[in-house]
Amino acid sequence: MGNTLFQDRVSILDFFHKHGMLISPEALNMILERSMGQLIPRLISEETSQAGYIDEKNVMKLIRGQSKVERNTYEVQLPDIKVNSSVEDFRQMFVSRYQKLSKIISLSSTMRGSVDIRSAKRSTVEVKVIGMVSSVDTTKNGHKRITIEDMDDQIQAIMMKGRGLENELILQDEVIGVIGSVSRGPGEPVIFPNEIVRPDIPYKLVEETKREPVYVASLSDIHVGSKTFRKDDFRRMVNWIKRSDEEAEHLKYLILSGDVIDGIGVYPGQEEDLELINPLEQYQKLAEYLDEIPNDIQVFVMPGNHDTVRLAEPQPNFSGKIEEIFPENSVMLPNPYSLKLEGKNILLYHGMSLNDMVELVPGANFTSIGKAIEEVLKRRHLAPKYGGKTPLIPSANDYHVIEEVPDIFITGHIHSHYLGNYKGVRYVNSSTWQSQTDYQKMMNFAPNPSILTMFDLHSKSTILKNFEVR
Ligand SMILES: [Fe+2]
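Residues numbered from 1 in each chain as written. Predicted model: local features only at pLDDT ≥ 70, side-chain atom pairs only at ≥ 80, totals over all residues.

Peer 1: Would you explain the overall build of the chain in this entry?
Peer 2: Looking only at helices and strands, the chain features 12 helices and 18 strands. A principal-axis box enclosing the C-alpha atoms of the chain has dimensions of 80 × 65 × 40 Å. Here the chain holds 470 residues, and the buried ones make up 39% of them. Partitioning the intrachain contacts of the chain with sequence separation of at least 6 by distance along the chain shows that 69% fall at a separation of at least 24. (Helix = DSSP H or I, 4+ residues; strand = E, 2+ residues; numbered from the N terminus. Buried ≥ 20, exposed ≤ 12 C-beta atoms within 10 Å, placed from the backbone. Contact = placed C-beta atoms within 7 Å.)

Here it is in structure tokens:
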């Protein structure tokens, strides 16, 4: 490994981007001028990874160190960027998910009197059990068959064809309540469900106060650095905020929910689509716009799959170096995050799992993503099915469980704009600031760009401002 790699700008930038690190243009030039490509992995040390940044000083240090160890033979190795996850880590994540969600389900009045699966198996009356779905299939007679598991046992549930529940959308790995009767034939006991209970959202009454509005504005997927970044629209939006008309005057918070830059190496041949190939310069460009946003507006910045952080979720905050690039009124957040503003709970998620949900939820597609978003809320989990297109880092705490009912739920990633309300929870798939890409053209998807969504935190009202320059 080594010598053939990293001889050009793109592959070096790509390498650091994938490690969640930035490199200054000067440091990059030094490396190229001295043909130091094969030494690049050595620039990743504890110190530089913590800073998230490589500059000329780091390169100089490497050059000096290099002359001392020249006589030693060494092999260049790529540092391990994979996170090693063990079976135990996965088990713990599922346990955490099960515990949090089964608790929410057990608190619903419908599930009062629920028992564990082991006791349910001995019951002769109607039972209520809670379990995680470990398999879903259809029998040859057209009945839906699932297996649910709790901490000690498992049981099959069969939803008979023609009885109404056979079309119920049940996803692998979701946690559900089942109310039904147990049949104990010669084999293992089986439940015939009469009702499936979801953790779901309790109807939320929105308290409206007769106060001046306080707006939180949401935008997503800016993709600065891409040739298709809609800079004229973005400029108009920034100007509108600066001019502070009656609506903008009440804008207090701005949320950028991921993919704030286009990054590099996100897909093959991306450099052809880039106007700025260095992610550092992409962030700097964005910061130039944000510098013009009035200081009393707080800007929250979250990473997405194009940004310079670990791809697998939960995604951490941007490194200190990226934070430094942003103006002082900016706050870095991880993805996902539950943000408290003015006593309201705003759930933020970039939205990678929506790609999976679109495939799983009948009738959902990228233009009417609301259906998929509502199924996420109903399951109180941001990535209900494990192991689709959403890379997750297993941990003892499942951060994707929606523990607290949000007042507002914000996603992005899809590039459509969809505003909805589910049982009193206002939600939006925030608009992008990127024109249709070649990939989207191929997929026959037309984005809905350049719309700012403004939620009033003191009332139910939501305003849309369209900045699209046609
Ligand atoms: Fe994205």
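Peer 1: Looking at this structure, I do not really get the domain arrangement of the chain. What am I missing?
Peer 2: It is common to report an interface's size as the accessible area lost on association of the parts. Partitioning the chain into domains gives domain 1 (9-69), domain 2 (87-197) and domain 3 (215-466). Each of domain 1 and domain 2 was reduced to a C-alpha centroid, and the two centroids are 53 Å apart. (Domains from an automatic or database assignment.)

Peer 1: Looking at this model, I keep getting lost on the environment of Ala157. Mind explaining?
Peer 2: Tracing the backbone shows Ala157 in strand β5 (residues 154-159). Apart from residues lying up to four places away in sequence, Ala157 is in contact with Ile146, Ile148, Val178, Gly180, Ile191 and Pro193.

Peer 1: Is there a simple way to explain helix α7 (residues 231-243) in this structure?
Peer 2: In an α-helix, one full turn covers 3.6 residues, which means residues spaced three or four apart are oriented alike. Here α7 spans 18 Å end to end across 13 residues, near enough to the 18 Å set by a 1.5 Å rise per residue. Every buried residue of α7 is accounted for by Asp233, Phe234, Met237 and Ile241. Seen end-on, α7 carries its buried residues on one side only, within an arc spanning 100 degrees. When the buried face of α7 is taken as reference, the exposed residues oriented beyond 90 degrees from it are Asp232, Asn239, Lys242 and Arg243. (Expected span 1.5 Å × (residues − 1). Arc of directions from axis to C-beta.)

Peer 1: Quick question: what am I supposed to make of unusual backbone geometry here?
Peer 2: A negative phi holds for most residues other than glycine; trans holds for most peptide bonds. Here the residue pair Glu313 and Pro314 is connected by a cis peptide bond, since its omega of 0 degrees sits within 30 degrees of zero. Locating Pro314 in the fold gives a position in the loop between β10 (298-302) and α9 (320-325). A cis amide bond, omega 0 degrees, links Asn335 with the succeeding residue Pro336. Note on placement: Pro336 falls in the loop between β11 (330-332) and β12 (337-341). Positive phi outside glycine occurs at Asp221, with the angle close to 45 degrees. Here Asp221 shows up in the loop between β8 (215-219) and α7.

Peer 1: Looking at this structure, I do not really get the sheet that holds strand β14 (residues 408-411). What am I missing?
Peer 2: Within a sheet, neighbouring strands are paired by backbone hydrogen bonds and run either parallel or antiparallel to one another. Read from one edge to the other, the open sheet built from five strands follows the order β12-β13-β14-β16-β15, with strand pairing classed as mixed. Because the sheet does not close on itself, it has two edges, and the strands there are β12 and β15 (418-422). Across this sheet, the average inter-strand angle for adjacent strands is 20 degrees, counted without regard to direction. The pairing of β15 with strand β16 (residues 425-429) spans five bridges and is antiparallel. Note on β16: the bridge partner recorded for Gly420 is Tyr427. Strands β14, β15 and β16 of the sheet are contacted by helix α11 (residues 370-379), whose axis makes an angle of about 35 degrees with β15. (Pairing = 2+ DSSP bridges. Axes fitted to C-alpha atoms, helices over the stretch in contact; angles between N-to-C directions.)

Peer 1: Can you walk me through the pairing of β5 in this structure?
Peer 2: Successive residues of a regular strand alternate their side chains across the two faces of the sheet. With six bridges connecting them, strand β4 (residues 144-149) and β5 associate as antiparallel partners. By the bridge assignment, Thr147 is partnered in β5 with Gln156. By the bridge criterion, two bridges tie β5 to strand β7 (residues 190-197) in an arrangement that is parallel. The residue bridging Gln156 from the neighbouring strand is Val190, located in β7.

Peer 1: I would appreciate a short explanation of the confidence of the model for the chain in the present structure.
Peer 2: Low-pLDDT stretches of the model should not have their predicted coordinates read in fine detail. Confidence in the prediction for the chain averages 91 pLDDT; 95% of positions are at 70 or higher. Ignoring residues within four places in sequence, the model shows residues 69-81, a span with pLDDT below 50, making 13 contacts including any to other chains. (pLDDT = per-residue confidence, 0-100.)

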